[in-house]
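Structure assessment
Each chain is listed here by its residues.
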Amino acid sequence: MTEELKKQIQEFREKTEQFAKGEISVKDYKGFSGKYGSYAQRGASAGMLRLRIAGGQLDLEKLKAIIDICEKYDIERLHCTTCQTIQLHNLPLDKIADIMSDAIESGFYTLGGGGDFPRNVMVSPLTGVEENENFDVSPYAKKAAEYLISQIDKVKMPRKLKVCFSNSPSNAVHATFRDMGFVSRPDGGFDVYCAGGMGLNPRMGVQVAENIDASKILYYIKAMISLFCDYGNYENRSKARTRYLQETLGDKFISEYNFRLEKALDEGGLDIDAPSKEITKSGKEGEVSSRRVIAQKQKGLYAVKCHFKGGNVTPQILRDIYNAIKGMEEVSIRLSPDETMYIINCDIDEANCVLDATKSAAQSDIEESVACIGASICQQGLRDSQELLGDILREVQKYDFPSDALPKLHISGCMSSCGTHQIGSIGFHGKVKMVDKKPVPGFTVSINGCDEQGRERFGDDIGVIAADDIPAFLVELGKSVTEAGMSYKEFSDKKSDELMSIIKKYI
């Protein structure tokens, strides 16, 4: 695969040069470049590159490689995505091919990072170390990632396909409502869900199998690709994602899926052996004084949670983390679907060292808010979610609210839900609001979304708030929650009428 990618880079380089000269339209370039994990940014004067990081798992060597690439090409803006990848932004068009080549040499595939291809395989971020998990799902996700990459040039799908693996009912990767999700069970098997998704016309997934043998996962993926290719909408992109198969096939969905599954099983050749790697490090316990330190299931080892505003990091932040952990045994990084980084396998002294090196990380629920990259960079974006989050945090920080008085927000610049607004206890997505018969920037506010397995629901849209009014809305909400002596969760459960009354003042 590495050699094949190297061959294709020359074509990418030539097309990008033509685009920079204005010889290729933005639309046509997007249709080409997405396959390589790259898109032009708004304004078409710079581009971005998405590094494919299976399961969001970064070892020390790959962390160093990202830092070196950033320093070599003077890259200052990186974004941790809700698909457990890292995006490099504001790249000169004439340098993207070189950056891509260096990334490949460092073990990062970019192929399939965008476009109508299998995307980065997602994994519960603390799998293998999380207390009370069913089992470590990462070995199976790795096998799935390898298989899906091998299919990129073999099949033509109507749209992208997102596959994920969940280790516990916390359902951090939204396995029950993705294109395809493998949900772990305490007995070592998986339940399988298909054709779910957020965005326009969201759908919960259809359970197509229960308690499957984990060694058979690739057959289930092969069957889903076949079903998608056979029945997906190649004519209308707005109705081409797998969730629309639920409408296309109706009651026949499961039988059509099973027909392809049986065919894949008959053909054989995709059984896997995926042993889990044991952590052998000796732990060291101590008093935990920070909400950012999480005890692992391995006695005396801890994970340190590091969420930077809006999922944005700089090379200096990564350098500080690297310098802190480079001498620590078995310590590595996990990226989360909520744009958080976890540094895992730290003993208590190492955890305190990481805390010291990441003092700028979020200290409250609202500071851990999720936001897509926003309309200042994204061509598809309607509103600048990053700007809104910055405005909110600057206003809220003027008040001494308890850390749980306001929730983690989920902000998307448009309906595409790259900020996962539909599963937020409070979510926003970009819209236009009419004020005195004039359009002003706004965001639809939704409430009561949830991603926990067994309690999944998409949030209820309440109405549109002018972007300039949202910080004031949240300050008023923070004051009410604090005066009630509750957390936001308690307030939304017990004082839902008061919550609605506050929201309606602004919509």
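Whatever comes next refers back to the structure up there.
Summarised in this report is the structure supplied together with it. Values in this document were obtained by computation on a predicted structure and should not be read as measured data. (Residues numbered from 1 in each chain as written. Predicted model: local features only at pLDDT ≥ 70, side-chain atom pairs only at ≥ 80, totals over all residues. Heavy atoms only, no water.)

Observations concerning the sheet that holds strand S14 (residues 332-335)
Sheet architecture is open: 5 strands sit in the order S3-S14-S15-S12-S11, paired in antiparallel fashion. Since the sheet does not close on itself, it has two edges, and those belong to strand S3 (57-58) and strand S11 (293-295), each with one partner. In this sheet, S14 lies alongside S3 in antiparallel orientation, the contact comprising 2 bridges. Within the sheet, the bridge partner assigned to Gln57 lies in S14 and is Arg334. (Pairing = 2+ DSSP bridges. Helix = DSSP H or I, 4+ residues; strand = E, 2+ residues; numbered from the N terminus.)

Re the packing of aromatic side chains
One pass over the structure, following the stated rule, counts 13 aromatic pairs. Taking 5.5 Å as the distance between ring centres and 85° as the angle between the ring planes, the aromatic pair formed by Phe177 and Phe458 counts as edge-to-face. Here Phe177 is found in the loop between strand S7 (163-166) and strand S8 (180-184), whereas its partner Phe458 is found in the loop between strand S19 (438-447) and strand S20 (460-466), with 281 residues between them in sequence. A residue is classified by how much of its surface remains accessible, and Phe177, at 0% relative accessible area, is buried. A residue is classified by how much of its surface remains accessible, and Phe458, at 17% relative accessible area, is buried. Put simply, the rings of Phe135, Tyr140, Phe165, Phe182 and Phe190 pair up and form one aromatic cluster. In this arrangement the basic side chain of Lys15 is found over the ring face of Phe32, its NZ or CZ atom lying 5.8 Å from the centre. One cation-aromatic arrangement involves Lys62 over Phe108; the distance from NZ or CZ to the ring centre is 5.3 Å. (Phe/Tyr/Trp six-rings, centres within 6.5 Å; stacked < 30°, edge-to-face > 60°. Buried < 20%, exposed > 50% of the residue type's maximum accessible area, 1.4 Å probe, protein only. Lys NZ or Arg CZ within 6 Å of the ring centre and 35° of its normal.)

Here's the deal with the sheet that holds strand S9 (residues 190-194)
Pairing within the open sheet is mixed, and its 5 strands lie in the order S6-S7-S8-S9-S10. With partners counted over all chains shown, the strands left at the sheet margins are strand S6 (122-123) and strand S10 (206-212), one partner each. In this structure, S7 lies alongside S8, joined through 4 bridges in parallel fashion. Following the sheet pairing, Ser166 is matched in S8 by Val183. Where helix H5 (residues 138-151) meets the sheet, it contacts S6, S7 and S9, and its direction lies at approximately 175° from that of S7. (Contact = heavy atoms within 4.5 Å. Axes fitted to C-alpha atoms, helices over the stretch in contact; angles between N-to-C directions.)

Comments concerning the state of the cysteines
Going through the model one piece at a time under the given rule, you end up with 0 disulfides. For Cys414, which is in no disulfide, the shortest distance to another cysteine sulfur is to Cys418 and amounts to 6.2 Å. With a relative accessible area of 16%, Cys414 lands in the buried category. (Disulfide = S-S within 2.5 Å.)

Observations concerning the nonpolar core
Among the nonpolar cores identified, the biggest contains 61 residues, and Ile66, Ile86, Leu88, Ile321, Ile325 and Ile343 are the most heavily contacted of them. Contacts of Ile321, omitting those with residues within four sequence positions, involve Leu63, Phe308, Ile333, Met341, Ile343 and Thr358. Formed by 44 residues, the second largest nonpolar core is a distinct cluster that contains Tyr147, Val163, Leu218 and Ala264. (Core = buried A, V, L, I, M, F, W, Y, C linked by side-chain atoms within 4.5 Å.)

Some words on the environment of Ala145
Here Ala145 is to be found in helix H5. The sequence separation of Ala145 and Leu218 amounts to 73 residues, and the corresponding C-alpha distance is 10.0 Å.

A few points about the side chain of Arg119
Here Arg119 is to be found in the loop between helix H4 (96-105) and S6. Each residue touching Arg119, except ones within four places of it in the same chain, is listed here: Tyr39, Arg50, Arg52, Gly112, Gly113, Gly114, Lys160, Leu161 and Lys162.

Digging into a negative patch on the surface
Taken together, Glu11, Glu14, Glu17 and Asp94 make up a surface patch of like negative charges. Note on placement: Asp94 falls in the loop between strand S5 (86-92) and H4. (Patch = residues over 30% accessible without salt bridge, like charges linked within 9 Å, V, L, I, M, F, W, Y side chains within 5 Å. Areas by Shrake-Rupley, 256 points an atom, 1.4 Å probe, with all protein chains shown as cover. Salt bridge = Lys/Arg side-chain N within 4 Å of Asp/Glu carboxyl O. Lys, Arg positive; Asp, Glu negative; His and termini not counted. Charge placed at Lys NZ, Arg CZ, Asp CG, Glu CD.)

Considerations on the environment of Gly197
With respect to the helices and strands, the residue Gly197 is situated in the loop between S9 and S10. Take Gly197: its relative accessible area is 6%, and that puts it in the buried class. Setting aside residues up to four positions removed in sequence, Gly197 forms contacts with Phe177, Arg178, Pro202, Arg203, Arg243 and Phe458.

Observations regarding the packing of helix H1 (residues 2-20) against helix H2 (residues 26-33)
Where H1 meets H2, the axes come as close as 11 Å, and the angle between the chain directions of the two elements is 165°. As judged from the angle between their axes, H1 and H2 are roughly antiparallel. Classified by chirality, the crossing of H2 by H1 is left-handed. Here Glu11, Phe12, Lys15, Thr16 and Phe19 of H1 come into contact with H2, specifically with Val26, Tyr29, Phe32 and Ser33. Each residue belonging to the contact of H1 with H2 can be placed in one class, and the counts come to 5 nonpolar, 2 polar and 2 charged. (Parallel < 35°, antiparallel > 145°, perpendicular 65-115°, else oblique. Left-handed = near helix turned anticlockwise from the far one by under 90°. Nonpolar A, V, L, I, M, F, W, Y, C, P; charged D, E, K, R; others polar.)

A look at the pairing of strand S12 (residues 302-306)
With 5 of 5 residues buried, S12 is to be regarded as a mostly interior element. Taking every second residue as pointing to the same face, both faces of S12 are buried, with Tyr302, Val304 and Cys306 on one and Ala303 and Lys305 on the other. Relative to S12, S11 runs antiparallel, the two sharing 3 bridges. The residue bridging Ile294 from the neighbouring strand is Ala303, located in S12. Relative to strand S15 (residues 341-346), S12 runs antiparallel, the two sharing 4 bridges. Note that in S15 the partner of Val304 across the bridge is Ile343.

In short, geometric facts, not functional conclusions.
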